[in-house]
Amino acid sequence: MRAGRRRDAVVLLALSLYAAPFFWQALTSVRPDAELLPLTRLLPSRLTWVHYDVVLRQSLMPRALINSLGIALLSTLLAIGLGALAAYALARLPVRGRGVILLAMVAATAFPQIATVSPLYLLMRALGLRDTWLALILANGSFALPLVIWLLTGFIREIPRALEEAAAVDGADRLAILRWVVLPLVAPGMASAALLAFLFSWNEFLFAYSFTATEASRTVPVALALFPGVFEVPWGDIAAASLLASLPPILIVVGFQRYLVRGLLAGALRE
Amino acid sequence: MSDRGLAWLLLSPALLVLATLTVYPALWVLWLAFQYRIPVFGISRWAGLDHFAFLAEGTRFWNAAWVTGVFTVTSVALESALGLAIAVALRGQRGGRRTALALLLLAWALPSVVTAKMFEWLYHPAGGLVNFLLGDRAINWLGDPALALPSLILADVWRATPFVALLCYARLLTIPPDLYEAAEVDGAAGLQAFARITWPLVRPILLVTMLFRTLDAIRAFDIMFVLTGGGPAGSTESLTVYAYRALFQTLQIGLGSAIGVVVFALVMVVAAVYLRLIGRPERTA
Amino acid sequence: MAPRPARAAAAGLFLPLLLALSAGGCGERPGAGAPITLVFKHAKILGPADPMPGLLRRFEADHPGVRVQSEALTWSSDEQHQFYVINLEGGGPPFDVMMLDVIWVPEFARAGWILDLTSSVPPAERDAHFPTAIAPAMQDGRLWALPWFMNVGLLYYRADLLAKYGFGAPPETYEELIAQVRRIRAGERDPSLDGYLWQGKQYEGGMVNVLEALWANGARLLDEAGRPFPEAERARESLAFLRGLIESGVSPAWVTAADEELTRRPFGDGRAIFLRSWPYALDLFELPDSRVRGKVGVAPIPRLRHGPVGAASTGGAHLAVSARTRHRDLAVALARFLTSETAQRAMTEGAALRPSRPALYRDAGLIARDPSLPALHGLMLRGHPRPITPYYLMLSTTLQPEFSAVLVGRKSPARAMRDATAQVEHLLRSVTP
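Rules of the game
Residues numbered from 1 in each chain as written. Chains lettered and ligands numbered in written order. Predicted model: local features only at pLDDT ≥ 70, side-chain atom pairs only at ≥ 80, totals over all residues. Helix = DSSP H or I, 4+ residues; strand = E, 2+ residues; numbered from the N terminus. Buried ≥ 20, exposed ≤ 12 C-beta atoms within 10 Å, placed from the backbone. Pairing = 2+ DSSP bridges. Axes fitted to C-alpha atoms, helices over the stretch in contact; angles between N-to-C directions. Contact = placed C-beta atoms within 7 Å. Core = buried A, V, L, I, M, F, W, Y, C linked by C-beta atoms within 7 Å. Domains from an automatic or database assignment. Nonpolar A, V, L, I, M, F, W, Y, C, P; charged D, E, K, R; others polar. Parallel < 35°, antiparallel > 145°, perpendicular 65-115°, else oblique. Left-handed = near helix turned anticlockwise from the far one by under 90°.

Caption draft 1: Local environment of the environment of Tyr84(C). By the element assignment, Tyr84(C) lies in helix H3 (residues 77–89). Between the C-alpha atoms of Tyr84(C) and Phe108(C), which are 24 residues apart in sequence, the distance is 9.4 Å.

Caption draft 2: Highlighting unusual backbone geometry. Residues and elements named next belong to chain C. Positive phi, normally seen in glycine, also occurs at Arg189, with a value near 50°. Mapping Arg189 onto the fold places it in the loop between helix H8 (174–188) and strand E8 (194–197). Owing to 7 C-beta atoms within 10 Å, Arg189 belongs among the exposed residues under this scheme. Non-glycine residue Phe229 carries a positive phi angle of around 50°. Position of Phe229 among the secondary structure elements: in the loop between helix H9 (204–216) and helix H10 (232–247). Phe229 gets classed as buried once you count the C-beta atoms within 10 Å, which come to 21.

Caption draft 3: Inspection of the sheet that holds strand E10 (residues 296–299) of chain C at higher detail. All names here are of chain C. Strand order in this open sheet of 4 strands is E8-E9-E7-E10, and the pairing throughout is mixed. Because the sheet does not close on itself, it has two edges, and the strands there are E8 and E10. Each neighbouring strand pair of the sheet contributes to a mean axis angle of 20°, computed without reference to strand direction. Here 3 bridges tie E8 to strand E9 (residues 272–277), and the two strands are oriented parallel to one another. The residue bridging Tyr196 from the neighbouring strand is Phe274, located in E9.

Caption draft 4: Geometry of the pairing of strand E2 (residues 43–46) of chain B. Residue and element names in this part refer to chain B. Two elements, strand E1 (residues 35–38) and E2, share 4 bridges in a ladder whose sense is antiparallel. Following the sheet pairing, Tyr36 is matched in E2 by Arg45. Connecting E1 to the antiparallel partner E2 that follows it, the hairpin turn spans 4 residues, and Gly42 within it adopts a positive phi of roughly 65°.

Caption draft 5: Molecular detail of the environment of Ile278(B). Residues and elements named next belong to chain B. Structurally, Ile278 can be placed in helix H12 (residues 253–278). For Ile278, a count of 15 C-beta atoms within 10 Å translates into the label partly exposed. Residues Ile278 and Thr236 lie 42 residues apart in sequence; the distance between their C-alpha atoms is 31 Å. Contact partners of Ile278, with chain neighbours within four places excluded, come to Leu207, Val208 and Leu211.

Caption draft 6: Expanded view of the nonpolar core. Membership of the largest hydrophobic core comes to 307 residues, with the highest contact counts inside it found for Val148(A), Leu152(A), Phe274(C) and Leu334(C). Among the elements that make up this core, the one with the highest residue count is helix H4 (residues 61–92) of chain A (17 residues). Residues lining this core come from more than one domain, with at least three contributed by each of domain 1 (5–152 + 315–382) and domain 2 (154–312 + 391–431) of chain C. Not counting chain neighbours up to four residues away, the residues in contact with Leu334(C) comprise Leu38(C), Phe40(C), Phe59(C), Val68(C) and Val97(C).

Caption draft 7: Layout of the interface of chain B and chain A. The interface is formed by 77 residues belonging to chain B together with 72 residues belonging to chain A. Broken down by element, the side of chain B that touches chain A gets its largest block of residues, 17 residues, from helix H1 (residues 3–32) of chain B. For the side of chain B that touches chain A, the residue count by class is 56 nonpolar, 14 polar and 7 charged.

Caption draft 8: The pairing of strand E1 (residues 36–42) of chain C, seen in detail. Residue and element names in this part refer to chain C. Within E1, 5 of the 7 residues are buried, which leaves the element mostly enclosed by the surrounding structure. Where E1 meets strand E2 (residues 66–72), 7 bridges bridge the pair, whose relative direction is parallel. Paired with His42 across the bridge in E2 is Ala72. Relative to strand E3 (residues 97–101), E1 is paired through 2 bridges, and the arrangement is parallel. Along E3, the bridge assignment pairs Phe40 with Val97.

Caption draft 9: Spotlight on the domain arrangement of chain C. All names here are of chain C. In terms of domain boundaries, chain C breaks down into domain 1 (5–152 + 315–382) and domain 2 (154–312 + 391–431). On a C-alpha basis, the centroid separation for the pair domain 1 and domain 2 is 30 Å. In this complex, domain 1 contributes 21 residues to the contact, which on the side of domain 2 involves 15 residues. Here the side of domain 1 that touches domain 2 is built from residues that sort into 11 nonpolar, 6 polar and 4 charged.

Caption draft 10: Structural context of the packing of H4(A) against H1(B). Where H4(A) contacts H1(B), the two axes come as close as 8 Å, and the packing angle between them is 135°. One element, H4(A), and the other, H1(B), form an angle in the oblique class. Note that H4(A) runs across H1(B); the crossing there is left-handed. Contacts from Leu82(A), Gly83(A), Leu85(A), Ala86(A), Tyr88(A) and Ala89(A) in H4(A) reach Ala7(B), Leu10(B), Leu11(B), Pro13(B), Ala14(B) and Val17(B) in H1(B). Partitioned by chemical class, the residues of the contact of H4(A) with H1(B) number 11 nonpolar, 1 polar and no charged.

Here it is in structure tokens:
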């Protein structure tokens, strides 16, 4: 047993080292400017909150955080809302060409963003949606939709038909079955899909960089990439901004790990 | 309402969104690839195959294809090997599993821009941890054409390995321990057990993750763009970065779309090849 | 003639009156409700003091009911351009007056994003600026932007080191420069003393350095028809020369990743003999706590075999009025005010900027603060603007990777020129029907 515990500790230590780049960035965010360049000592002589102060008070990050949060929540809502309905239809209802549609969903998850960004840019421009939340909600939501449909179709299929049949026997129609039987049972699966969709939208860079122009709709990754520096690059401030940008992902990995893992596995193990 | 009617009612919103924002752009980009289209100057006319001919004859395109190829093959190979190793190491984990997975998944969950900035700082010649640990040598990881691509690959491997590790780990968990105990009784342990038991059972899932990772690596953009921007001197300019520059730095929508179409075709071909390899009746046992 | 302060004040009082009287004019009445806000987009002004707030408040004082809201752009020129393009092309929120890099003016004019100022600017006012500043702002014979401040490439040198080793004058040819570097470094025996610093990173600044090397050898980038490298052999020599600077160690390898600031600092810390940069650096070298204070001289860019001395690139920023402004006359007034003699004098005094008006280079007050002005005047006149074409940015971003490949040694000059030509030809095919 002791050998097992020691082994466990070694593995944990190794994984901590794996995550070391992140911890280093966290350390950088509290390191005083004078000790950043050049690097002469591993641990800072003192901790400072000045970088966070600059980021929260003088930079565009707070606004970007709000943008990212709003856009991620709404695009997740869009993907899950439309995706759940479509998944139920594909899983349980007679649909001609179901196989083709599902195959198309799978294919759509492989679409390269770099190919669709130019027509989407022209489309957003034509619709006057440049630099708006709606542009990104639509772009992110539609990009996550195929994966959500694929995942949820699989999850719904896992629910025993007997439950639905029993409800049907009791006189419930399709929509009632969906609402009262299927949705509650597939809720954990929906949570998994929602987490993946949210993460995708939060982390998304290409569309956000191309469709946004000002802080009205700039998301966190774009704000981070365009972090201003007049003379030199403010590494400490960037580290602080990076940490703030990582809060939702950290929360999800630490707090909702089970759902996240389930979503990832389902996506890969389904053929 | 009939079941069929309900089905289409439930499907149509999703299909409409996809048709407008995914299918239509996919077709549109093909159309754009055959145009000279520069919105800034109002240029819009037929180009035929001119963009593709130009790309085929141009060294910049083949350099980008080379970078994409090297990046993809190397990243996927490293991620798969490392991911499998981590999965095997984790397999025997009894306590602290949640913590272990959290530490591992953190790298995967971070926004790629955060990862890019993180590694840019780690690789900094004067202030970076890497040079500090190596003994203060002022190696310019991202500025040296010979070192930039390997540095970039390392960053992406760090980011993507957890995905491979997680999937392999999940698969390994389903292998009953009795198999290993029986093998030990038979005198086969360690490497032999791995080769005879673990590998055949984990191979299918590894292939699936390699497919995902390959497609992702071909399409990779964020890390490359933010970490090196395609430099120095195009040594890290993948097809996606080349396309982006053509599209948004010079607003040559036609040329950028042509490159995008090439990436599109590449992704579809690779996916088709992989699926044939995986789709053979070799179900996960 | 630039308006004297009194005239400016009078115009300032007259203007709102004019607006109030104009029927159905393209502006609202200042006094009749909410104040008019003009949005002015510009990059952060470098230098000891920021003259902008003072100037803008002055304009507001002269135009009651008008507020000028100043909005900052990102630091990098390429990013500024992308911001403008995405905004102006995609119909983003309008701004009224914008600061443009001089190289963008023909492009923005052709795209229809800025107003034709020809009728709003009297010829006398136009002639009060350097011809090399006005020429790049002209397209199809019309004036599209007013010069705000001007730059020209300079050779900075450590006068103390040159004097110490008996070199009476700064080098006129690059051969002399290399010889001086070798001699001084042999004598100083300081491994951290670099020879010649310049900007070789893959960005517009790097392009400027390459162009100066071409012009220094009598080569052009394009001919009149837009064909690249008309003097191919000389161009090849120039590119080989730049790469040779790095290979021979005259310039450190990191110049291939260096921009203006990354090269200014080492020179300002006394760790380099020569630096190619813009005039702003001089102000920073002459700060009280600068290590090279009093030791820095400026000279024209040296020449190679076939070219003239002082074939420097001009640069700088212009002010243009957005075509979608809702306050046309006010915006034009703001642009004219900020480019007036008074404003440019304030900018020269407060910030590390050089005016685009020759008259200010003969101003006794300014010369007392900055004795280099008369020398700069001559350099400004001799400078070359970069190719004046709406497609300049496209050309530059297409050519930058090719030149960068030469500088880092990935491609031979001949090969890079061949590849560059193919790309330029494809580009020109796209834009010319």
